[in-house]
Amino acid sequence: ELDRAVELSVFEDAFALSKRGDVKRLLGRHAEAMEDLDKALLLSPDDAFTLASRGNVRGVLRQHQEALADLTKALERIPNDTFALVSRSGVKSMLSLHQEALADLNIALALNPDDAFALGRRGDVRHLLGQEELALADLDRALQLRPDDSFALASRGDVKRLLGLHKEAVKDLDAAVD
């Protein structure tokens, strides 16, 4: 019974560290988040949630290869994890792997078509690929779902600028900055 109690304690510690690390990630306290997530993975190395959260933080910290490794490992465990898919797409996009990023986003949106964050990301990736009309459609939909998303507003403003819709572009860019 003592062995079982120790196993439960390790699981509970890993769970608590993982959740605390994820909350720190959400608060933008990335160094602290990494500490908790690293400790959680020492206790439970295959936890997909923790791997995805750490992969996201590593992406923000520009540790691209490590981020890809964590996110891919998380997706091997839970292939339909939209958070991991969208996070991995962001890292791939930072590495100029835009077609691969688009593939991840298409999967995420097949799983959850109303994911405003994924729509905004896909709009941005399509913009980077020169697919301005498709980008505009994704960004319009993202902003229907989350009208105050400054990332989607800025991206849509840039797309509109390229399409020659300068007055509309300024409105979006003003809203993104304000």
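Residues numbered from 1 in each chain as written. Predicted model: local features only at pLDDT ≥ 70, side-chain atom pairs only at ≥ 80, totals over all residues. Heavy atoms only, no water.

Helical periodicity: at 3.6 residues per turn, an α-helix aligns residues three or four positions apart in one direction. Between its first and last C-alpha, helix H4 (residues 64–77) extends 20 Å over 14 residues, near the 20 Å set by a 1.5 Å rise per residue. Within H4 the residues assigned to the buried category are His 64, Ala 67, Leu 68, Asp 70, Leu 71, Ala 74 and Leu 75. The buried residues of H4 occupy an angular sector of 165 degrees when projected down its axis, which confines them to one face. Facing away from the buried side of H4 by over 90 degrees, the exposed positions are Gln 65 and Glu 76. Looking at the buried positions of H4, the neighbouring elements they touch are helix H3 (48–60) and helix H5 (82–94). (Helix = DSSP H or I, 4+ residues; strand = E, 2+ residues; numbered from the N terminus. Expected span 1.5 Å × (residues − 1). Buried < 20%, exposed > 50% of the residue type's maximum accessible area, 1.4 Å probe, protein only. Arc of directions from axis to C-beta. Contact = heavy atoms within 4.5 Å.)

Taken as a whole, the protein chain shows an average pLDDT of 93; of its residues, 94% reach a score of 70 or greater. Note on residues 1–6: pLDDT is under 50 here. Beyond four places in sequence and across chains, it has 0 contacts. (pLDDT = per-residue confidence, 0-100.)

This part is about the pattern of salt bridges. The final tally for this structure, using the stated rule, is 23 salt bridges. Arg 88 is the salt-bridge partner of Asp 104, the closest N and O atoms lying 2.8 Å from each other. Of this pair, Asp 104 sits in helix H6 (residues 98–111) while Arg 88 is found in helix H5, placing the two residues 16 residues apart along the sequence. With its nearest N and O atoms 3.4 Å apart, the salt bridge here joins Lys 160 to Glu 168. Lys 160 gets classed as buried once you look at its relative accessible area, which sits at 8%. (Salt bridge = Lys/Arg side-chain N within 4 Å of Asp/Glu carboxyl O.)

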